[in-house]
Amino acid sequence: MKKLMAANWKMYKTRVQAEETIKDLLRLLGDLPSDREVAVFAPFTALDACGRALPYDACRRAFDSSDACVRVHQKASGQPAASFFLGGQDVYPAAEGAFTGEISPGMLLDCACRFVLTGHSERRHILGESNEFVGRKTAFALEAGLDVVLCLGETLEEREAGKLEAVLREQFSAGVAGVPGDIAPQRLSLAYEPVWAIGTGRVAGPSEILEAHALLRDILRKKFVAQADQMRILYGGSVKPDNASQIIGLDNVDGVLVGGASLEAESFSRIVLA
Ligand code: PGA
């Protein structure tokens with residue numbers, strides 16, 4: 001299983017800044033080690049510019065028409081042609097319609113995305129998304145052909161109240177409620193992101209990460225019996241160049257989701273190659 005090294009640019013970067021960072025990343029990363037994949041979750045407005053900056057055919061051809069795009073990416077999900085992918089930070093669970101301000105899976109595919117994030121803690125806690133709504137997004141995006149990184153994690157109050165396991169179980173079961181049990185393992189990943197470690201500089205310690213990831217692996221095995229061990233579980237929360245290699249080496253850590261330290265190409269490339 002390849003490690004997924006993901007950048008979450010949140011609400012940062014104009015098109016020009018995003019394109020420059022992608023070009024710098026491609027230059028700094030060169031040929032990626034064969035056990036690594038990179039995903040950049042760029043703001044919606046910069047996805048098109050990022051896609052055009054990628055050299056791969058799969059991404060260039062995606063601009064021919066939205067039909068071609070879906071075909072290219074369905075093929076790419078089964079057998080990725082490249083190891084550098086784009087993703088959307090959110091998605092609405094409908095193909096199209098009167099949903100002002102929202103973005104459909106087809107629109108993300110049209111911008112050469114392979115991935116989408118669902119349930120990021122900032123959407124749960126700042127935008128008020130419920131577990132059930134996150135589940136609808138996850139199922140709809142998968143069905144539409146996007147690969148999903150479903151984010152989950154507890155707040156400090158929940159952790160201190162001994163609710164880690166209950167919170168992760170609840171977020172997981174609602175999050176994957178509509179996902180078929182036989183889904184291909186590369187199509188769904190989890191990102192464990194303790195809310196108290198996001199953007200705070202306070203990284204979870206190895207024992208906290210090991211405990212949560214082992215629990216998530218166990219939870220995955222109940223629903224996705226045959227393929228749970230091939231599904232990726234990413235860690236996110238204050239990952240930096242100087243802690244990335246320790247985190248990525250832990251059991252059941254199959255990648256990282258990086259916010260602040262992914263904004264500069266130099267720092268994110270050191271994490272990818274850690
Ligand atoms: P951070 O953010 O690396 O800045 O803590 C991680 C995330 O929110 O995905």
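Please refer to the structure placed before this passage.
Analysis parameters
- Residues numbered from 1 in each chain as written.
- Predicted model: local features only at pLDDT ≥ 70, side-chain atom pairs only at ≥ 80, totals over all residues.
- Heavy atoms only, no water.
- Helix = DSSP H or I, 4+ residues; strand = E, 2+ residues; numbered from the N terminus.
- Rg over C-alpha atoms; globule rule 2.2 N^0.38 Å.
- Buried < 20%, exposed > 50% of the residue type's maximum accessible area, 1.4 Å probe, protein only.
- Salt bridge = Lys/Arg side-chain N within 4 Å of Asp/Glu carboxyl O.
- Expected span 1.5 Å × (residues − 1).
- Arc of directions from axis to C-beta.
- Axes fitted to C-alpha atoms, helices over the stretch in contact; angles between N-to-C directions.
- Parallel < 35°, antiparallel > 145°, perpendicular 65-115°, else oblique.
- Left-handed = near helix turned anticlockwise from the far one by under 90°.
- Contact = heavy atoms within 4.5 Å.
- Nonpolar A, V, L, I, M, F, W, Y, C, P; charged D, E, K, R; others polar.
- Core = buried A, V, L, I, M, F, W, Y, C linked by side-chain atoms within 4.5 Å.

**Brief notes about the overall build of the chain**
And step 1. Helices and strands together make up the secondary structure of the chain, namely 12 helices and 8 strands.
And step 2. Against the globule reference of 19 Å for 274 residues, the chain gives a C-alpha radius of gyration of 17 Å, in line with a compact fold.
And step 3. Here the C-alpha coordinates of the chain stretch approximately 50 × 40 × 35 Å along the principal axes.
And step 4. Split into buried and exposed, the 274 residues of the chain put 55% on the buried side.

**Describing the pattern of salt bridges**
And step 1. Within this structure, the stated rule accounts for 20 salt bridges.
And step 2. Ionic pairing is found between Arg 36 and Asp 35, a salt bridge with its closest N-O pair at 3.8 Å.
And step 3. A relative accessible area of 36% means that Asp 35 is categorised as partly exposed.
And step 4. Across the pair Glu 37 and Arg 232 runs a salt bridge, and its minimum N-O distance is 3.1 Å. Taken together, the positions of Glu 37 in strand S2 (residues 36-41) and Arg 232 in the loop between helix H10 (206-223) and strand S7 (233-236) put the pair 195 residues apart, joining distant regions of the chain.
And step 5. On the basis of relative accessible area, Glu 37 is assigned to the buried category, the value being 6%.
And step 6. Several salt bridges share partner residues, and in doing so they unite Glu 37, Arg 114, Asp 147, Arg 187 and Arg 232 into one network.

**Concerning helix H9 (residues 164-175)**
And step 1. For H9, spanning 12 residues, the distance from its first C-alpha to its last is 16 Å, which sits close to the expected 16 Å at 1.5 Å a residue.
And step 2. The set of residues buried in H9 consists of Leu 164, Val 167, Leu 168, Gln 171, Phe 172 and Gly 175. Viewed along the axis of H9, the buried residues span an arc of 125°, placing them on a single side of the element.

**Concerning unusual backbone geometry**
And step 1. Its identity is not glycine, yet Lys 10 carries a phi of approximately 50°, on the positive side.
And step 2. Mapped onto the fold, Lys 10 is located in the loop between strand S1 (3-8) and helix H1 (15-29).

**A short note on the packing of H1 against helix H12 (residues 265-272)**
And step 1. Interaxial distance between H1 and H12 falls to 9 Å at its minimum, and their mutual angle equals 40°. By the criterion of interaxial angle, the relationship of H1 to H12 is oblique. Seen from above, H1 lies across H12 with right-handed handedness. Each of Thr 21, Asp 24, Leu 25, Leu 28 and Leu 29 in H1 lies in contact with H12, whose residues at this interface are Ala 265, Glu 266, Phe 268, Ser 269 and Val 272.

**Observations regarding the packing of H9 against H10**
And step 1. Interhelical geometry of H9 versus H10 gives an angle of 40° and a closest axis separation of 11 Å. Looking at the two axes, H9 sits oblique to H10. Our pair here, H9 against H10, has a crossing hand that is right-handed. Facing H9, whose interface residues are Leu 164, Glu 165, Leu 168, Arg 169 and Phe 172, H10 presents Glu 211, Ala 212, Leu 215, Leu 216, Asp 218, Ile 219, Leu 220 and Lys 223.
And step 2. Broken down by class, the residue content of the contact of H9 with H10 amounts to 8 nonpolar, no polar and 5 charged.

**Quick word on the nonpolar core**
And step 1. Of all hydrophobic cores here, the largest spans 69 residues; its most connected members are Trp 9, Ile 22, Val 40, Leu 168, Leu 188, Phe 224 and Tyr 235.
And step 2. Among the elements that take part in this core, H10 stands out by supplying 6 residues, more than any other.
And step 3. Not counting the four nearest positions on each side in its chain, Phe 224 is found in contact with Phe 172, Val 176, Val 179, Pro 180, Gly 181, Ile 183, Leu 188 and Met 231.

**Concerning helix H7 (residues 131-144)**
The periodicity of an α-helix, 3.6 residues per turn, causes residues three or four positions apart to be oriented the same way.
And step 1. Under the 1.5 Å per step criterion, the end-to-end length of H7 is 20 Å for 14 residues, consistent within 8% with the ideal 20 Å.
And step 2. Val 134, Gly 135, Lys 137, Thr 138, Ala 139, Ala 141 and Leu 142 are the residues of H7 that are buried.
And step 3. The first or second residue beyond H7 is Gly 145, which carries a positive phi of 110°.

**A short note on the environment of Ile 198**
And step 1. Tracing the chain through its elements places Ile 198 in the loop between strand S6 (188-192) and H10.
And step 2. Between the alpha carbons of Ile 198 and Glu 154 there is a distance of 11 Å; along the sequence they are 44 residues apart.

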